[in-house]
Amino acid sequence: MHGSALAGWLLVALCTATGAYCLLRMRSPVAEERSAAGGEALMGFGMALMAVPAAVFGPPAWVWWAYGTVFGAAAVRALWKARGHARGRGRARGRGHARERGHARGRGDGCAGGPAHHLHHLVGALAMVYMSVAMAAAPAGGAGHAAHPGPGGFPLVTGVLLLYFAGYVLRTGVRLVPAAAGAGPVGAVAWGDRAELALACRLAMGIGMFAMLLTV
């Protein structure tokens, strides 16, 4: 990164492809899976737009404030869902709920719907808010874009987020190996429901977020 237009376009391609696959995952019959995929699609397309090189797309500061507002709302939603899941964890033991969660476990994707997953969405949304504010605060004619480093960030906050996403990438990469090895025949599970592809998308977004934070 650091001013490289090529790196910016590679990030755009990666995040756009990830967002597009998350849209396919929204066709899942499991409500929690659809909800998680929707949040990840928003994150993927949002990161793709943010990564467009500034020479091609350099919006005014108010656009980044609006961007921060959108992802602030996404952060509130993720926090609310994590809180609701924690409160209802011991109560939602009905047969229909168990059947739906069993369907998700049968596909091998235990990542979506749990409080840890919602909290990860919360951290990701807050990271987008942080980068949006940094871009909006960048001086006119300066960086103000993810593909071009700017002076708007706080080193401590950036460092904490970098550590978090580095750990997330390593953890997801380790989980992806057994998920891919244990996957069934391609025709047995719809492409939008394959656990290893969902994990690969989350890994790609984690890498993209880490790369974008390096430029703040």
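Every chain's residues receive numbers from 1 upward, in the order its sequence appears when written. Local features in this predicted model are restricted to residues of pLDDT 70 or higher, and side-chain atom pairs are both shown and tallied only at a pLDDT of 80 or more, whereas totals for entire chains, interfaces and linings draw on every residue. As a rule here, side-chain values come from all non-hydrogen atoms in the structure, and water together with hydrogens is ignored.

- An unreviewed UniProt entry annotates the protein as DUF5134 domain-containing protein originating from Streptomyces solicavernae.

## Some remarks on the nonpolar core
Piece 1. For our purposes a nonpolar core is just a set of buried Ala, Val, Leu, Ile, Met, Phe, Trp, Tyr and Cys residues, chained together by side-chain atoms within 4.5 Å. In this scheme, a residue with accessible area under 20% of its type's maximum is buried, one over 50% is exposed, and one in between is partly exposed, where area comes from a 1.4 Å probe on protein chains only. Grouped together as the largest cluster of nonpolar side chains are 31 residues, with contacts concentrated most on Met43, Met47, Met50, Met128, Met131, Met209 and Leu213.
Piece 2. Strands are runs of DSSP state E lasting at least two residues, helices are runs of H or I lasting at least four, and both sets are numbered from the N terminus onward. Among the secondary structure elements, those contributing two or more residues to this core are helix 1 (5-25), helix 2 (31-51), helix 3 (61-88), helix 5 (115-137), helix 6 (155-181) and helix 7 (195-213).
Piece 3. Filtering out sequence-adjacent residues up to four positions away, methionine 43 remains in contact with Phe71, His121, Gly124, Ala125, Met128, Met205 and Met209. By the convention used here, residues are in contact when the closest approach between their heavy atoms is within 4.5 Å.

## Focus: the UniProt feature "transmembrane region" (unreviewed entry) in the protein
Piece 1. Per the UniProt record, the feature "transmembrane region" (unreviewed entry) sits at residues 6-24, 36-56, 62-80, 122-140 and 152-170.
Piece 2. Along residues 6-24 one finds 100% helix and 0% strand; the C-alpha atoms at either end are 28 Å apart.
Piece 3. In residues 62-80, the share of helix is 100% and the share of strand is 0%. The end C-alpha atoms are 27 Å apart. UniProt positions are given in the numbering used here, feature names are shortened, and annotations may be inferred rather than shown by experiment.

## Some points on the confidence of the model for the protein
Piece 1. Averaged over all residues, the pLDDT of the protein is 78; the fraction at 70 or higher stands at 71%.
Piece 2. Model confidence for the protein, summarised as mean pLDDT per element, is weakest for helix 4 (residues 95-106) at 43 and strongest for helix 1 at 91.
Piece 3. Contacts for the low-pLDDT stretch residues 93-111, under 50 throughout, to residues beyond four places or in other chains number 24 contacts. pLDDT is a per-residue confidence score from the predictor, ranging from 0 to 100.

## What about the packing of aromatic side chains?
Piece 1. By convention, a stacked pair of Phe, Tyr or Trp rings (six-membered ring in the case of Trp) has centres within 6.5 Å and planes under 30 degrees apart, an edge-to-face pair has planes over 60 apart, and any other such pair is tilted. Scanning the model with the defined rule gives 4 aromatic pairs in all.
Piece 2. Here the aromatic rings of tyrosine 67 and phenylalanine 71 are separated by 5.4 Å at their centres, their planes lie at 50 degrees, and the arrangement is tilted. Of this pair, tyrosine 67 and phenylalanine 71 are both found in helix 3, 4 residues apart, which corresponds to roughly one turn of the helix.
Piece 3. Taking 5.1 Å as the distance between ring centres and 85 degrees as the angle between the ring planes, the aromatic pair formed by tyrosine 164 and phenylalanine 165 counts as edge-to-face.

## Let's talk about the pattern of salt bridges
Should the charged atoms of two oppositely charged side chains come close, the side chains can pair.
Piece 1. Salt bridges are counted wherever a side-chain nitrogen of Lys or Arg sits within 4 Å of a carboxyl oxygen of Asp or Glu. One pass over the full model with this rule turns up 2 salt bridges.
Piece 2. The shortest N-O distance in the salt bridge between glutamate 40 and arginine 25 comes to 2.4 Å. Remark: arginine 25 occurs in helix 1 and glutamate 40 occurs in helix 2; sequence separation between them is 15 residues. Assigned by exposure class, glutamate 40 and arginine 25 land together as buried.
Piece 3. The closest approach of N and O atoms between arginine 202 and glutamate 40, which form a salt bridge, is 2.8 Å. One end of the pair, arginine 202, is in helix 7; the other, glutamate 40, is in helix 2, and 162 residues separate them in sequence.
Piece 4. Under the relative-accessibility criterion, arginine 202 is labelled buried at 3%.
Piece 5. Each of the salt bridges in this network shares a partner with another, and the network as a whole consists of Arg25, Glu40 and Arg202.

## Some details on the environment of glycine 72
Piece 1. For glycine 72, the position within the fold is in helix 3.
Piece 2. The class of glycine 72 is partly exposed, set by a relative accessible area of 23%.
Piece 3. Between the alpha carbons of glycine 72 and leucine 126 there is a distance of 6.7 Å; along the sequence they are 54 residues apart.

## Considerations on the packing of helix 2 against helix 7
Piece 1. At a minimum axis distance of 11 Å, the contact between helix 2 and helix 7 shows a crossing angle of 35 degrees. Viewed along their axes, helix 2 and helix 7 form a crossing whose handedness is left-handed. For the pair helix 2 and helix 7, the contacting residues are Glu40, Met43, Gly44, Met47, Met50 and Ala51 in the first and Arg202, Met205, Gly208, Met209 and Met212 in the second. Axis angles are defined between N-to-C directions and span 0 to 180 degrees, where every axis is a line fitted to C-alpha atoms and, for a helix, only to the segment in contact. Each crossing is labelled by how the near helix is turned from the far one, with a counterclockwise turn of less than a right angle marking it left-handed and a clockwise turn marking it right-handed.

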